[in-house]
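Close look at the chain arrangement
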Amino acid sequence: MIIAETNRLILSKITVDDAPMILELMNSPDWLKYIGDRNIKTVEDAANYIQNNQLKCYELYDYGYYKIQVKSENLKAIGTTGLLKREQLEHVDIGFSILPDYHGKGYGYEAASEIIKLAKTTFNIKTLCAITLPINKPSINLLEKLGLSYQKRVKPFEEDEELLLFAKDL
Ligand SMILES: CC(C)(COP(=O)(O)OP(=O)(O)OC[C@H]1O[C@@H](n2cnc3c(N)ncnc32)[C@H](O)[C@@H]1OP(=O)(O)O)[C@@H](O)C(=O)NCCC(=O)NCCS
């Protein structure tokens, strides 16, 4: 189900058929370095992950994470972006991740800008936040381009390092 379209991209709901892409994404070097190893090692693991995360979010909330497809590449799915309400954070969180071959083409900005528009107009979200490791320069660069500004250091997850919290009022 398509939820938005930009010049070059289509954003649509993730299904269990996206398991091979999610497996590749969650084992890409930047995901492992900046987000962490979620121990998703087979297509079946990825399908279960989708079932228990993205599909569950669609049931609980109006919004969630969406796959990013490139129109000029026969709708190849190159990553995900979307919104998540984490119990550890006050506001809805925006996130994004793209397969390495598709970094540096402006796809992250194009897709996440559309998510911010949806957050405001369709989902009526008043404030968005984002968390990132301080060493994740591509993510910080993208958050700042999207108009989120640095707030403070936070430690929302016991087992993790300190993260930078960004936010933007819509
Ligand atoms: C963070 C991440 C999504 C950024 O993706 P991206 O698509 O490369 O990011 P951007 O949209 O900012 O584009 C990057 C560069 O593409 C360049 N670019 C090339 N062609 C472009 C075009 N047609 N339009 C716009 N920018 C273009 C831009 O110069 C931009 O760099 P700049 O902002 O320094 O000018 C990506 O690095 C990623 O998936 N990282 C791993 C997962 C991760 O860490 N997620 C965040 C967790 S907190």
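It should be noted that the structure appears before, not after, this text.
So, here is what we can say about the structure in this document. Counting restarts for each chain, with residues numbered from 1 along the sequence as it is written. Per-residue local features of the predicted model are confined to residues with pLDDT of at least 70, and side-chain atom pairs are confined, for both listing and counting, to 80 or more; whole-chain, interface and lining totals are unaffected and use all residues.

Here's the deal with the environment of P29
Here is the rule we go by: Strands are runs of DSSP state E lasting at least 2 residues, helices are runs of H or I lasting at least 4, and numbering of each runs from the N terminus. Neighbour counting defines burial: a residue surrounded by 20 or more other C-beta atoms within 10 Å of its own C-beta is buried, one with 12 or fewer is exposed, and intermediate counts give partly exposed, using backbone-placed C-beta atoms.
Position of P29 among the secondary structure elements: in helix α2 (residues 29-34). Given 8 C-beta atoms within a 10 Å radius, P29 is considered exposed. It is 8.1 Å that separates the C-alpha atoms of P29 and P100, two residues lying 71 residues apart in sequence.

Overview of the pairing of strand β7 (residues 149-154)
Basically, it comes down to this: Strands qualify as paired when DSSP identifies two bridges or more between them.
Counting buried residues along β7, only 0 of its 6 residues qualify, which leaves the element largely exposed. Where β7 and strand β8 (residues 163-169) come together, 5 bridges link them in antiparallel fashion. Among the inter-strand pairings, Y150 is bridged to a residue of β8, identified as F166.

Considering the site of the ligand
To keep things clear, this is the line we draw: By definition, a residue lies near a molecule or strand provided its backbone-derived C-beta atom is within 6 Å of it. Residue polarity follows a fixed list, in which Ala, Val, Leu, Ile, Met, Phe, Trp, Tyr, Cys and Pro are nonpolar, Asp, Glu, Lys and Arg are charged, and the others, Gly among them, are polar.
Taken together, 22 residues are adjacent to the ligand, and D30, G106, G108, Y109 and P138 come closest. Of all elements in the fold, only α2, β5 (92-98), α5 (107-121) and α6 (137-145) reach the threshold of two or more residues within the shell around the ligand. Its residues assigned to classes, the shell around the ligand comprises 9 nonpolar, 10 polar and 3 charged.

Some remarks on the nonpolar core
Applied cut-off: A set of buried residues drawn from Ala, Val, Leu, Ile, Met, Phe, Trp, Tyr and Cys, joined through C-beta atoms within 7 Å, is what defines a nonpolar core. Note on contacts: each residue gets a C-beta atom placed from the backbone, and two residues are in contact if those atoms are within 7 Å.
I22, M26, A46, I68 and A111 are the most contacted members of the largest nonpolar core, which has 38 residues in total. Here the element with the most residues in this core is helix α1 (residues 19-26); it accounts for 6 residues. Setting aside anything within four residues of it in sequence, one finds A111 in contact with L9, L11, I68, T81 and F96.

Side note on the pairing of strand β3 (residues 65-70)
Here β3 lies mainly inside the structure; 5 of its 6 residues are buried. Direction of pairing for strand β2 (residues 9-13) relative to β3: antiparallel, over a ladder of 5 bridges. Residue pairing across strands places L9 opposite V70, the latter belonging to β3. In this structure, β3 lies alongside strand β4 (residues 76-84), joined through 6 bridges in antiparallel fashion.

Considerations on unusual backbone geometry
One non-glycine residue, N39, adopts positive backbone phi at about 60°. By secondary structure assignment, the location of N39 is in the loop between α2 and α3 (43-52). For N39, a count of 8 C-beta atoms within 10 Å translates into the label exposed.

Some details on the packing of α1 against α3
Heads up, the rule is: Here an angle of 0 to 180 degrees is reported between the N-to-C directions of two axes, which are lines fitted to C-alpha atoms, with helices fitted over the stretch in contact. Working definition: roughly parallel below 35 degrees, roughly antiparallel above 145 degrees, roughly perpendicular at 65 to 115 degrees, and oblique for all remaining angles.
Their axes nearest at 8 Å, the elements α1 and α3 cross at an angle of 100°. With respect to α3, the element α1 is oriented roughly perpendicular. Counted together, A19, P20, I22, L23 and M26 of α1 and V43, A46, A47, Y49 and I50 of α3 form the full contact between these two elements. The residue inventory of the contact of α1 with α3, partitioned by class, reads 10 nonpolar, no polar and no charged.

The values are spatial; any link to function lies outside them.
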